[in-house]
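# An overview of the molecular structure
Spelled out, the chains give:
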Amino acid sequence: MSDKIRVGIIGMGNMGKYHADYLLNNKVSRCELTAVCSTSPHKLESYKPLKIFDNGEKLIRSGEVDAVIIATPHYQHKELGIAALENGLHIMVEKPIAAHKADAERLIEAHRKHPSQVFAAMFQLRIEPRYQKIRKLIQDGELGEIVRINWVITDWYRTEAYYQSGGWRATWKGEGGGVLINQCLHNLDTLQWLCGMPSRVRSFCDLGRYHDIEVEDNVTSYLEYPNRATGVFVTSSGEAPGSNRFEIAGTQGKLVLENNKLTFTRNEVDMIEFSKQAKVGFHKPDVWYADIPFQNAVGAHAQLMQNFVNAILDGEPLIAPGADGLQSIELANVLLYSSLMDQSIDLPLDSHAYEQKLQELSASSNYGRKKVVELSNEDFAQSFNR
Ligand SMILES: NC(=O)c1ccc[n+]([C@@H]2O[C@H](COP(=O)([O-])OP(=O)(O)OC[C@H]3O[C@@H](n4cnc5c(N)ncnc54)[C@H](O)[C@@H]3O)[C@@H](O)[C@H]2O)c1
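Residues numbered from 1 in each chain as written. Predicted model: local features only at pLDDT ≥ 70, side-chain atom pairs only at ≥ 80, totals over all residues.

## Thoughts on the overall build of the protein
Counting secondary structure elements, the protein contains 11 helices and 15 strands. In summary, the protein has a C-alpha radius of gyration of 22 Å against a globular reference of 21 Å for 386 residues, a match within 12%. Each principal axis of the C-alpha atoms in the protein carries an extent, and together these give about 75 × 50 × 40 Å. Residue burial in the protein is summarised as follows: out of 386 residues, 44% are buried. Sequence separation of 24 or more characterises 71% of the internal contacts of the protein that already satisfy a separation of 6 or more. (Helix = DSSP H or I, 4+ residues; strand = E, 2+ residues; numbered from the N terminus. Rg over C-alpha atoms; globule rule 2.2 N^0.38 Å. Buried ≥ 20, exposed ≤ 12 C-beta atoms within 10 Å, placed from the backbone. Contact = placed C-beta atoms within 7 Å.)

In structure tokens:
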């Protein structure tokens, strides 16, 4: 194999251009951007002399690339991913890896037939030291057994102009959902990466609570885990200023991540043991307080791309394997499904039942009829990092 990977980007909107920018600025070694593709190729003239395509399949078959980044709207991820795998390419798929769980299963199944090709997913929060430190504390047993998880992440604020900026956005047929499948997917991946999957959920989703959209933009969910831990996950794309507070309580102590600060309040004695041994009624275990320092990652997307390239060239283990993308989609889908069905739902989610429900919603979707208004220029990178 050559010592350099030739990469193409399919979908050159906000995210595709962001990937192109750091690749063209040589932020990923042993990787060369050779081709870009958009359904509006006239907007890509400035990328010449790179090869420009108006159709993803053409780029995939061109012989110009060894790997592709798929950064189109969600529904195209599965078909483009499968086409790329069948044409011998490695794939880095933007989140979510597909528009819903059944499509994610189809893409993962296609990869099973091509195991020597690398399939990664763009979950750049996994690069962030704050989440890596939380993960290590949990894995090292510092928290004891997890008993409660609360994540209130209501600072994914988006305006009406944002939702009008793409015909696919916030439609059942074009996007497959709202704040859960789009903005929060990063948090749902992080949640399951740190704490595993719940076994049962009950959720309440408001459709178009804050915006003129058909999908959910306000969510309150209750989660139950196999070990009887409980969780609450609250999100919104309409609340300002909003909050981002992530709290994980274990029998050995409590972690809180808020305002870019991570604190660990550690019980000197496991709380269950203390309760069993104590001869008094009102005391709690003594605690130590620790502020856990961390820096925010610089160029998290580029770092994850570097890992993808290293996986192809050197066999380095992936930080975000594509197949891991299933869990976050399952969470996004099941939280919506519970609300739509007005009942608790056990996991694993029946992906075909959910797909059918989504098809019913898509039948009356506004997709294709929506007026699209281009956003005025602003710093897209501000949208990252929760
Ligand atoms: N990882 C992150 O931080 C992050 C941030 C934003 C968006 N995303 C993801 O990136 C993807 C794209 O989002 P966006 O905000 O850039 O959307 P966007 O609407 O700005 O861009 C989508 C682009 O895809 C092109 N396109 C559509 N269908 C295509 C096809 N079949 N073939 C080729 N090109 C096609 C469109 O012309 C458009 O240029 C989504 O999956 C989104 O969830 C990820």
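## Notes on the site of the ligand
Surveying the vicinity of the ligand reveals 24 residues, the closest of which are Gly 11, Gly 13, Asn 14, Met 15 and Glu 94. Sort the elements by how many residues they give to the shell around the ligand and helix 1 (residues 14-24) lands first, with 3 residues. (Near = placed C-beta within 6 Å.)

## Brief notes about the pairing of strand 10 (residues 230-236)
Here strand 7 (residues 146-153) runs beside strand 10; their pairing, made up of 6 bridges, is parallel. Residue Ile 149 lies in a different strand from strand 10, and its bridge partner there is Gly 231. The hairpin turn running from strand 9 (residues 216-224) into strand 10, its antiparallel successor, is 5 residues long, and Arg 228 in that turn takes a positive phi close to 75°. (Pairing = 2+ DSSP bridges.)

## What about the domain arrangement of the protein?
Examined at the domain level, the protein breaks down into domain 1 (5-125 + 300-321) and domain 2 (128-293 + 328-370). The interface of domain 1 with domain 2 comprises 16 residues on the first partner and 22 residues on the second. A per-element tally of the side of domain 1 that touches domain 2 places helix 4 (residues 101-112) first, with 4 residues. Taken together, the residues of the side of domain 1 that touches domain 2 sort by class into 11 nonpolar, 2 polar and 3 charged. (Domains from an automatic or database assignment. Nonpolar A, V, L, I, M, F, W, Y, C, P; charged D, E, K, R; others polar.)

## Quick word on the sheet that holds strand 11 (residues 244-250)
With mixed pairing, 9 strands are arranged side by side in an open sheet as 14-13-12-11-7-10-9-8-15. Of all the strands in the sheet, the pair left with one neighbour each is strand 14 (287-292) and strand 15 (345-346). Where strand 12 (residues 253-258) lies against strand 13 (residues 261-267), 6 bridges are found, and the strand directions are antiparallel. Residue pairing for strand 13: Leu 255 is matched across the bridge by Phe 264. Contacts between helix 7 (residues 185-195) and the sheet are confined to strand 7 and strand 11, with strand 7 contributing the most and set at about 165° to the helix. (Axes fitted to C-alpha atoms, helices over the stretch in contact; angles between N-to-C directions.)

## Describing the nonpolar core
Ranked by size, the top nonpolar core spans 99 residues in total, and within it Val 68, Ile 91 and Ala 332 carry the most contacts. No other element matches the 8 residues that helix 10 (residues 325-341) contributes to this core. Each of domain 1 (5-125 + 300-321) and domain 2 (128-293 + 328-370) contributes no fewer than three residues to this core. Ignoring any residue separated from it by four or fewer positions in sequence, one finds Ile 91 in contact with Ala 67, Val 68, Ile 70, Gly 81, Ala 84, Leu 85, Phe 119 and Gly 322. (Core = buried A, V, L, I, M, F, W, Y, C linked by C-beta atoms within 7 Å.)

## Quick notes on the packing of helix 3 (residues 75-86) against helix 4
Contact geometry for helix 3 and helix 4: axes closest at 9 Å, N-to-C directions at 5°. If you check the angle between helix 3 and helix 4, you find them roughly parallel. For the pair helix 3 and helix 4, the contacting residues are Lys 78, Gly 81, Ile 82 and Leu 85 in the first and Asp 103, Arg 106, Leu 107, Ala 110 and His 111 in the second. (Parallel < 35°, antiparallel > 145°, perpendicular 65-115°, else oblique.)

## Comments concerning helix 4
If you check helix 4, its first and last C-alpha atoms are 16 Å apart, about what 12 residues at 1.5 Å a residue would give, namely 16 Å. All buried positions along helix 4 are accounted for by Lys 101, Ala 102, Asp 103, Ala 104, Leu 107 and Ile 108. (Expected span 1.5 Å × (residues − 1).)

## Considerations on the sheet that holds strand 3 (residues 51-53)
Pairing between sheet strands relies on hydrogen bonds along the backbone, with the strands arranged either parallel or antiparallel. Taking strand neighbours across the sheet as the criterion, the 6 strands line up as 3-2-1-4-5-6 in an open arrangement whose pairing is parallel. Each edge of the open sheet carries a strand with a single partner, namely strand 3 and strand 6 (119-122). In this sheet, adjacent strand axes meet at a mean angle of 25° when their direction is disregarded. Examined bridge by bridge, strand 4 (residues 67-70) and strand 5 (residues 90-94) share 4 bridges and lie parallel to one another. Bridge pairing links Val 68 to Ile 91 in strand 5.

## A word on helix 1
Listing the buried residues of helix 1 in full gives Gly 16, His 19, Ala 20 and Leu 23. The arc that holds the buried residues of helix 1, viewed along the axis, is 100°, so those residues lie on one side. Within two residues after helix 1, Asn 26 carries a phi angle of roughly 55°, on the positive side. (Arc of directions from axis to C-beta.)

## Considerations on the environment of Leu 33
You can see Leu 33 is positioned in strand 2 (residues 31-37). Residues Leu 33 and Val 68, spaced 35 residues apart in sequence, show a C-alpha to C-alpha distance of 9.5 Å. Other than its neighbours up to four places away in sequence, Leu 33 contacts Val 7, Ile 9, Ala 20, Leu 23, Leu 24 and Leu 50.

## A word on the packing of helix 7 against helix 10
Two elements in contact, helix 7 and helix 10, have axes whose closest approach is 8 Å; the angle formed by their N-to-C orientations is 115°. Accordingly, the angle class assigned to the pair helix 7 and helix 10 is roughly perpendicular. Where helix 7 crosses over helix 10, the two elements pack in a sense that is right-handed. Here Leu 185, Leu 188, Asp 189 and Gln 192 of helix 7 lie close against helix 10, whose contacting residues are Gln 327, Ser 328, Leu 331 and Ala 332. Class assignment for the residues of the contact of helix 7 with helix 10 results in 4 nonpolar, 3 polar and 1 charged. (Left-handed = near helix turned anticlockwise from the far one by under 90°.)

## So, the pairing of strand 5
A regular strand places its side chains on the two faces of the sheet in alternate fashion. Extensive coverage of strand 5 is indicated by the burial of 5 of its 5 residues. Alternating positions in strand 5 separate into two faces, His 90, Met 92 and Glu 94 on one and Ile 91 and Val 93 on the other, with burial throughout. Once you follow strand 4 into helix 3 and on to strand 5, the crossover reads as right-handed. Direction of pairing for strand 5 relative to strand 6: parallel, over a ladder of 4 bridges. Paired with Glu 94 across the bridge in strand 6 is Met 122. Assessed by its sense of winding, the connection that carries the chain from strand 5 through helix 4 to strand 6 is right-handed. (Right-handed = clockwise from strand over helix to strand, strands pointing away.)

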